[in-house]
Amino acid sequence: MIDFHQSPFLVIWEVTRACALKCLHCRAEAQYRRDPRELTTEEGKALIREIRDLGAPLLVFTGGDPLMREDLFELAEYAKGQGLIVSLTPSATPRVTEKAMRRAMEVGLDRWAFSLDGSTAEIHDAFRGTSGSYDLTMRAIGMLRKLGMPLQINTTVSRYNLDDLPDIARLLEEMGIVLWSVFFLVPTGRGKADDMITAEEHERVFHWLADLSGRVPFDIKTTAAPPYRRVIMQREKMKSGPGAAAGAPPWVAGRQRQLRAPRAVNDGNGFAFVSHIGDVYPSGFLPIACGNVRERSLTEIYRTHPTFVSLRDPERLKGKCGVCEFRSVCGGSRARAYAVTGDPLESDPTCAYVPREWSKRAASSS
């Protein structure tokens, strides 16, 4: 089992911020042209070797649009040669061609992920800020299915598509995807606090996803939603009753194969993000720069930077999260806490749960 104090399970490298889309929620605030300060091909290969040496098994190339880098598949092939599991999250633009997909298969890419934020062109294109994005996405998905490459769909939940989630799920069943990665909007980059759904709506979606996971042929994973693990644990406890034998880990809904990490991953805890210019963050949604790989090793930053160290210690959490009985398996979204309060150790403002100890304190003070 990976010791998250020593090694992340997942490293995401934002290889570029260049992208042709203008997504409403874009964390990167993407631009149309590549930044001349981007890590070079050789710097990228050095980073990949360090990720290998750090012991992180999974690397995701993201952006912007990774396909804006001409050396993308050279980097992907190199990462595969270093023994890493490699995924790619390109934007659905004319750059997504059958030739590009075949090249991805040749280098051994493990998974290709597309974003789909609405079941219709009207909803998806409004979210992506580009007319025609939905049609390009569906065409690309069709090409990928034809080639037989495993397909992951990413969806960001916001107030703009909350009511559309059941229709998106039905559409995904027809696509034959292997994983639905459901992101919950964090107000950073272009994303705004008003774009988020409420705490009560988060809770309803968590329960809906838990129900859905038992009915659909694909796995479901959440991102920026640690309280989902708490919901699963509560539901499993209700089903099994006191004294029941331990089953799957509490953040696994439905099937054991849904487990993507040896234990719960959170911002800076089993997770690291490297920007296009080499800055290292606890996650892409938690914009606290902790160093740069051109000046300090990723290993040193991940293991010793005070921000990373504090994020791996549930005893440092504050407010409701600090006294919550689920803080070791949930911990709340540190990125969302930072976005709303300015303190990454404060309570997750979109968690509706009231811990027992918090209730006791409220009762004693009233």
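Not measured: the values here are computed from a predicted model.

Visitor: Sorry, what's going on with empty space enclosed by the protein here?
Guide: Any empty space left between the atoms is revealed when a probe the size of a water molecule rolls over them. Under the criterion given, the structure shown has 1 cavity of 30 Å³ or more. Reported here for the largest cavity is a volume of approximately 120 Å³. Forming the walls of the largest cavity are 13 residues, and the residues nearest its centre are Cys321, Cys324, Cys330, Cys351 and Tyr353. A per-class count over the lining of the largest cavity returns 7 nonpolar, 2 polar and 4 charged.

Visitor: Any chance you could explain the environment of arginine 312 here in plain terms?
Guide: Mapping arginine 312 onto the fold places it in the loop between α10 (306–311) and α11 (319–323). What makes arginine 312 buried here is its relative accessible area of 6%. Expressed as a C-alpha distance, the spacing of arginine 312 and methionine 143, which sit 169 residues apart in the sequence, is 41 Å. Residue contacts for arginine 312: discarding those within four places in its chain leaves Phe4, His5, Gly268, Asn269, Tyr302 and Arg303. Separated by 3.2 Å, the side chain of arginine 312 and the backbone oxygen of glycine 268 make a polar contact.

Visitor: How should I be thinking about the side chain of aspartate 164 in this particular structure?
Guide: Here aspartate 164 shows up in the loop between β5 (151–157) and α6 (165–175). Within the buried set, aspartate 164 has no salt-bridge partner at all; the shortest N-O distance to an opposite charge, 7.2 Å, is to arginine 170. Look past the residues within four positions of aspartate 164 in its chain and what remains in contact with it is Gly118, Ser119 and Ile123.

Visitor: So what exactly am I meant to see when it comes to the sheet that holds strand β7 (residues 219–223) here?
Guide: Paired through backbone hydrogen bonds, the strands of a sheet run either parallel or antiparallel to each other. With respect to topology, 9 strands assemble into an open sheet ordered β7-β6-β5-β4-β3-β2-β1-β8-β9, the strand pairing being mixed. Where the open sheet ends on each side, the last strands, each with one partner, are β7 and β9 (280–281). Both β5 and strand β6 (residues 179–184) contribute to a ladder of 6 bridges, which runs parallel. Opposite glutamine 152, over in β6, you have leucine 179 as the bridge partner. Helix-sheet contacts for helix α7 (residues 199–213) involve β6 and β7, and the interaxial angle to β6 is about 175°.

Visitor: Please explain the pairing of strand β8 (residues 271–274) as it appears in this structure.
Guide: On a regular strand, each side chain points to the face opposite its neighbour's, so the side chains alternate between the two faces of the sheet. Of the two faces of β8, the one holding Phe271 and Phe273 and the one holding Ala272 and Val274 are both buried throughout. When strand β1 (residues 10–14) meets β8, the two strands line up parallel, connected through 4 bridges. Bridge assignment links valine 11 to a residue of β8, and that residue is alanine 272. Examined bridge by bridge, β8 and β9 share 2 bridges and lie antiparallel to one another. Following the sheet pairing, valine 274 is matched in β9 by valine 280. From the end of β8 to the start of β9, which pair antiparallel, there are 5 residues, and glycine 278 there has a positive phi angle of about 95°.

The rules we used
Residues numbered from 1 in each chain as written. Predicted model: local features only at pLDDT ≥ 70, side-chain atom pairs only at ≥ 80, totals over all residues. Heavy atoms only, no water. 1 Å grid on protein atoms, 1.4 Å probe; cavity = no way out; pocket = protein on both sides within 12 Å on 5 of 7 lines; lining within 4 Å. Points joined across faces, edges and corners; volume = space filled by probe spheres on them. Nonpolar A, V, L, I, M, F, W, Y, C, P; charged D, E, K, R; others polar. Helix = DSSP H or I, 4+ residues; strand = E, 2+ residues; numbered from the N terminus. Buried < 20%, exposed > 50% of the residue type's maximum accessible area, 1.4 Å probe, protein only. Contact = heavy atoms within 4.5 Å. Polar contact = N/O pair within 3.5 Å; in protein donor to acceptor, adjacent residues only side chain to side chain. Lys, Arg positive; Asp, Glu negative; His and termini not counted. Salt bridge = Lys/Arg side-chain N within 4 Å of Asp/Glu carboxyl O. Pairing = 2+ DSSP bridges. Axes fitted to C-alpha atoms, helices over the stretch in contact; angles between N-to-C directions.

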